[in-house]
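Here is what each chain is made of, one letter per residue.
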Amino acid sequence: MAAERSSAERTDDAARIQRVTMPKWGLSMKTGKIVEWFVAEGDTIAKGDDIVDIETDKIAGTLESPAEGPVRRIVAEPGADLPVGAVLAVVAPEDVPDAEVDAVVEEAKAAVASGALEEADEPQPQLVEVGGRTISYLSLGPVDADVPVVLVHGYGGDKNSWLFVQQPLAEQEQRAIALDLPGHGASGKDVGDGSLATLAECVTGVLDALGIDRAHLVGHSLGGAVVAAAARAAPGKVASLTLIAPAGYTPEADAEYLRGFASAGSRRELKPLVGRLFADEALVTRQLVDDLLRYKRLDGVDKALSAVLGTLLDDGDRQAIDTPALLEGVDVPVTVVWGASDRILPVPDGVELHRVEAGHMPHMEAPGEVLDAVRSHL
Amino acid sequence: MARTITYREAINEALAQEMERDERVIVMGEDNAGGEGSPGEADAWGGVLGVTKGLYGRFPGRVLDTPISESAFIGAAIGAATGGMRPVAELMFIDFMGVCFDQIFNQAAKFRYMFGGKAVTPVVIRTMWGAGLRAAAQHSQSLLSVFTHVPGLKVAAPSNAYDAKGLMIQAIRDDDPVIFAEHKMLYDTSADVPEESYAIPFGEANVVREGGDVTIVAIGRMVHTALEAAEELAGSGVQAEIVDPRTTSPLDVDTILESVEATGRLVVVDEANPRCSLATDVAATVAQDAFGSLRAPIQLVTGPHTPVPFADALEDLYIPDAGRIAGAVKKVVDYGG
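Reading the values: the criteria
- Residues numbered from 1 in each chain as written.
- Chains lettered and ligands numbered in written order.
- Predicted model: local features only at pLDDT ≥ 70, side-chain atom pairs only at ≥ 80, totals over all residues.
- Helix = DSSP H or I, 4+ residues; strand = E, 2+ residues; numbered from the N terminus.
- Rg over C-alpha atoms; globule rule 2.2 N^0.38 Å.
- Buried ≥ 20, exposed ≤ 12 C-beta atoms within 10 Å, placed from the backbone.
- Contact = placed C-beta atoms within 7 Å.
- Pairing = 2+ DSSP bridges.
- Axes fitted to C-alpha atoms, helices over the stretch in contact; angles between N-to-C directions.
- Nonpolar A, V, L, I, M, F, W, Y, C, P; charged D, E, K, R; others polar.
- Core = buried A, V, L, I, M, F, W, Y, C linked by C-beta atoms within 7 Å.
- Domains from an automatic or database assignment.
- Parallel < 35°, antiparallel > 145°, perpendicular 65-115°, else oblique.
- Left-handed = near helix turned anticlockwise from the far one by under 90°.
- Expected span 1.5 Å × (residues − 1).

## Here's the deal with the overall build of chain A
Looking only at helices and strands, chain A has twelve helices and 16 strands in total. The C-alpha radius of gyration of chain A comes to 22 Å, within 12% of the 21 Å expected for a compact globule of 378 residues. Principal axes of the C-alpha set define a box for chain A whose edges measure 75 × 45 × 40 Å. Counting all 378 residues of chain A, 46% fall into the buried class. Across chain A, every contact between residues at least 6 apart in sequence was considered, and the portion connecting residues at least 24 apart equals 66%.

Here you go:
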């Protein structure tokens, strides 16, 4: 029998109880479904451990533990569909009494039942004018944080592709800004000449417009080349570069994918192409393809994608960008991450890089490693 | 950015954005502006269920009230289209189309063909269809198949606000005559709709729900009823795939066949009368081209071969419901077992 605990001890217990909650992976995520737990009550977990698979209407992902210590209660059973913020598990040291752990569980269940979680205010994307173009961005984390991280998506992508990366950064008191390049997402669809310089100016332009002196730039695929070009044009504004499967490292590329993506007008054309982005094609949900089609149907997107395609590929279907050349003389730390099973841009030889188990989308398929790479610069 | 708006608002927005983009786009119909000589004040009708409300004030001179003479103003719209305008004419109820069949079937539908492609007829005829509004036999029919039958016409029947906007924009930009059928029970339903303009190509079905056990093809309001049935069926372990063709002409046969090839079972849901309908058309196509994939006879869930009754209880019985759809699915899933 545990001895009666003093009120000071109880306050201390409460502070030592950690709640693992339903993450928010991307703007549109309202709920997530528990697929499978990798830990059981009684197990001791460390920060970063894979603890549970969660499925949203867009994609399935693995939650890395934000907490460390013994798992005292698993609150959410497999199959449960729970709102963002709902308590999934309770982690607390062994000497915190069961009664207090159970009180947290009861409170968590009541919060879900009341529906209060679903009404919580959520951050909204903002618009900013840069050189006559409207750029959409989402800023998470404290605005007064030191040097923010800026995330730049790839060809045909948008800011939501950072769903597994942006929120975890923000949770650790890091300001993380994901933007939509022109022609993409909710940004204006005018890309001008669609050149790397134009796209890079949009990135540095957003920094200027938001009053950010320096930022850690993270770019995926086309976005990798864009942030490299931004670092070359404005090295003083860039604290580090993290390049995820960046464009411009090899002459080879899956031109059939790129040209097919630009021209695909139906689900039947698009779905097999999108499958090539991932090592695990099961990640391509109906919703993911549908969202891409919705984007591709917007007026002006055809023209934008076609212009940017001319930046990515030459007439011989080889990559037109030379990213290592852009980085020559750029004196900022650079980390490169590549998926070992990338079918769009092959892993280059002779480049120092972190090889991870993923296809062309390491930030979706291996977000933990991508987060590690970004954090290594912070 | 997408926000949530209604089906009615989505169509209104599509009309406004296309009128903004292209000055050849005009809107005409009974009470579209709010009554002859209306200054376009806020309480103007905007058509019988308010879809064109507010357009008159924004585009004076381009929203025309017409006499109550469908044969005359549909003919005028078709004539204006051949003359270079892009009219969107509202013919309140699909039930009233009969009085202008010559203009639609024998004129608009034939011009491009008979003039060797030298003439186009970019007219959109907006109309309401479907049962459920307690509007009786002459205002409740689902006559899509009548127009689908005629080569030279295109037929769109959106099931949600997102599709309504994108299909209307496509209809206006299309050079062929389009019958744009708005289900009257969907006007107050909402969906996420981008503020920006976008066109949904005709002949591209929407796979509304994925599932491996049975394919349900449904259109218009029946898409929602099929979804309701699918949720119910999921509880007993049956996963239904729901295909909404969105346009009956052209029809996305490939998507339907691919789905049936994967599931081996087909249920077609159509609130129209059962003979010579979308249901029979889809069933025949699948029976002919995917017979080898079928593991059970195709089931059709339709209205009966009667007019839509006025009595509430009978009208409710007329319209296919989730229970009937689930029953048909169980029949094909359990077949031979």
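Having put the structure on the table, let's press on.
## Quick notes on the overall build of chain B
In terms of regular secondary structure, chain B is built from twelve helices and 14 strands. With the principal axes as the frame, chain B shows a C-alpha extent of 65 × 45 × 40 Å. Taken over 337 residues, chain B has a buried fraction of 55%. A fraction of 78% describes how many contacts in chain B between residues 6 or more apart in sequence connect residues 24 or more apart.

## Regarding the sheet that holds strand 10 (residues 214-218) of chain B
All names here are of chain B. Judged by pairing direction, the sheet is mixed, and its five strands sit side by side in the order 9-11-10-13-14 without closing on themselves. Each edge of the open sheet carries a strand with a single partner, namely strand 9 (206-209) and strand 14 (299-302). In this sheet, adjacent strand axes meet at a mean angle of 25° when their direction is disregarded. Of the strands in this sheet, strand 10, strand 13 (266-270) and strand 14 touch helix 10 (residues 278-289), which is tilted by about 160° from strand 13.

## Re the interface of chain A and chain B
For an interface, size is often stated in terms of accessible area lost upon the parts coming together. Chain A puts nine residues into the contact, and the matching count from chain B is 14 residues. Of all the elements in the fold, those that place two or more residues in the side of chain A that touches chain B are helix 7 (267-275) and helix 8 (286-297) of chain A. Across the side of chain A that touches chain B, the residue classes tally to two nonpolar, two polar and five charged.

## Quick notes on the nonpolar core
Residues and elements named next belong to chain B. Within the largest apolar cluster, 104 residues are counted, with the highest numbers of intra-cluster contacts made by Met168, Ile216, Ala226, Ile242, Val267, Ile325 and Val329. Element by element, the count of residues in this core is highest for helix 7 (residues 161-173), at eight residues. When residues of this core are assigned to domains, at least three map to each of domain 1 (2-194) and domain 2 (206-334). Not counting residues within four places of it along the chain, the set of residues in contact with isoleucine 216 comprises Ala226, Ala230, Ala240, Glu241, Ile242, Val267, Val269 and Ile325.

## Points about the domain arrangement of chain A
Residues and elements named next belong to chain A. Assigned domains within chain A: domain 1 (13-116) and domain 2 (126-375). Computed from C-alpha coordinates alone, the two centres of domain 1 and domain 2 are separated by 31 Å. With 13 residues of domain 1 at the contact, the number on the domain 2 side is twelve residues. Here the side of domain 1 that touches domain 2 is built from residues that sort into six nonpolar, three polar and four charged.

## So, the packing of helix 1 (residues 7-21) of chain B against helix 7 of chain B
All names here are of chain B. Where helix 1 contacts helix 7, the two axes come as close as 8 Å, and the packing angle between them is 30°. The angle between helix 1 and helix 7 places the two elements in the roughly parallel class. Handedness of the crossing formed by helix 1 with helix 7: right-handed. Across from Tyr7, Ala10, Ile11, Glu13, Ala14, Leu15 and Glu18 in helix 1, the residues of helix 7 making contact are Ala161, Ala164, Lys165, Met168, Ile169 and Ile172. Its residues placed into classes, the contact of helix 1 with helix 7 shows ten nonpolar, no polar and three charged.

## Topic: unusual backbone geometry
For the bond running from serine 249 of chain B to proline 250 of chain B, omega is 0°, close enough to zero to count as cis. For alanine 245 of chain A, which is not glycine, the phi torsion reads 40° and is therefore positive. Along the chain, alanine 245 of chain A falls in the loop between strand 14 (238-244) and helix 6 (255-263). Despite not being glycine, arginine 134 of chain B shows a phi value in the positive range, around 60°. Mapped onto the elements, arginine 134 of chain B comes out in the loop between strand 5 (124-129) and helix 6 (144-148).

## Looking at the domain arrangement of chain B
All names here are of chain B. Taken domain by domain, chain B holds domain 1 (2-194) and domain 2 (206-334). Look at where the C-alpha atoms of domain 1 and domain 2 centre, and you get two points 27 Å apart. Counting residues at the interface gives 24 residues for domain 1 and 23 residues for domain 2. Broken down by secondary-structure element, the contributors of at least two residues to the side of domain 1 that touches domain 2 are helix 6, strand 6 (154-156) and helix 7.

## Notes on helix 9 (residues 301-312) of chain A
The periodicity of an α-helix, 3.6 residues per turn, causes residues three or four positions apart to be oriented the same way. Compared with an ideal rise of 1.5 Å per residue, which puts twelve residues at 16 Å, helix 9 of chain A spans 16 Å between its outermost C-alpha atoms and is within 8% of the ideal. If you follow the buried residues of helix 9 of chain A, they end up packed against helix 4 (196-209), helix 5 (222-233) and helix 6 of chain A.

## Quick look at the environment of proline 93 of chain A
All names here are of chain A. Relative to the assigned elements, proline 93 resides in the loop between strand 8 (87-91) and helix 2 (98-114). Between the alpha carbons of proline 93 and isoleucine 17 there is a distance of 7.6 Å; along the sequence they are 76 residues apart. Beyond its immediate chain neighbours, meaning those up to four positions away, proline 93 contacts Arg16, Gly69 and Pro70.

## Describing the pairing of strand 6 (residues 69-74) of chain A
All names here are of chain A. With two bridges connecting them, strand 3 (residues 44-45) and strand 6 associate as antiparallel partners. Among the inter-strand pairings, threonine 44 is bridged to a residue of strand 6, identified as proline 70. Of the strand pairs in this sheet, strand 6 and strand 8 are connected by three bridges, and their pairing is antiparallel. Across the sheet, the residue bridging to valine 71 is valine 91, located in strand 8.

## Some words on the sheet that holds strand 15 (residues 334-339) of chain A
Residues and elements named next belong to chain A. Spatially, 9-10-12-11-13-14-15-16 is the arrangement adopted by the eight strands of the open sheet, whose pairing is mixed. Looking at the sheet topology across the chains shown, the edges are occupied by strand 9 (126-130) and strand 16 (354-356). Across the sheet, the mean angle from the axis of one strand to that of its neighbour is 25°, orientation sign disregarded. Sheet topology places strand 14 next to strand 15; four bridges connect them, and they run parallel.

## Considerations on helix 3 (residues 163-171) of chain A
Residue and element names in this part refer to chain A. With seven of nine residues buried, helix 3 lies mostly within the body of the structure. All buried positions along helix 3 are accounted for by Leu163, Phe164, Val165, Gln166, Pro168, Leu169 and Ala170. For helix 3, the secondary structure elements touched by its buried residues are strand 5 (60-64), strand 10 (133-140), strand 11 (149-152), strand 12 (176-179), helix 11 (362-365) and helix 12 (367-375). Directly beyond the C-terminal end of helix 3, a positive phi value near 60° is found at glutamate 173.

## Regarding the packing of helix 6 of chain A against helix 9 of chain A
Angle between the axes and distance between the axes: these two values describe a pair of packed helices. All names here are of chain A. The N-to-C vectors of helix 6 and helix 9 enclose an angle of 170°; their axes lie 10 Å apart at closest approach. What the angle tells us is that helix 6 and helix 9 run roughly antiparallel. Helix-helix and strand crossings are classified by hand; for helix 6 and helix 9 the assignment is left-handed. The residues of helix 9 that touch helix 6, namely those facing Leu258, Arg259 and Ala262, are Leu305, Ser306, Leu309 and Leu312. Residues belonging to the contact of helix 6 with helix 9 are distributed by class as follows: five nonpolar, one polar and one charged.

## Some words on the pairing of strand 8 of chain A
Residue and element names in this part refer to chain A. Across the five residues of strand 8, five count as buried, placing the element largely inside the fold. Here four bridges tie strand 1 (residues 18-21) to strand 8, and the two strands are oriented antiparallel to one another. Of the residues in strand 8, the one forming a bridge with valine 20 is alanine 89.

## Observations regarding the environment of valine 25 of chain B
Residue and element names in this part refer to chain B. Note that valine 25 resides in strand 2 (residues 25-29). With 61 residues separating them in the primary sequence, valine 25 and arginine 86 have C-alpha atoms 4.6 Å apart. With near-sequence residues (within four places) excluded, valine 25 lies in contact with Glu18, Met19, Arg86, Val88 and Ile172.

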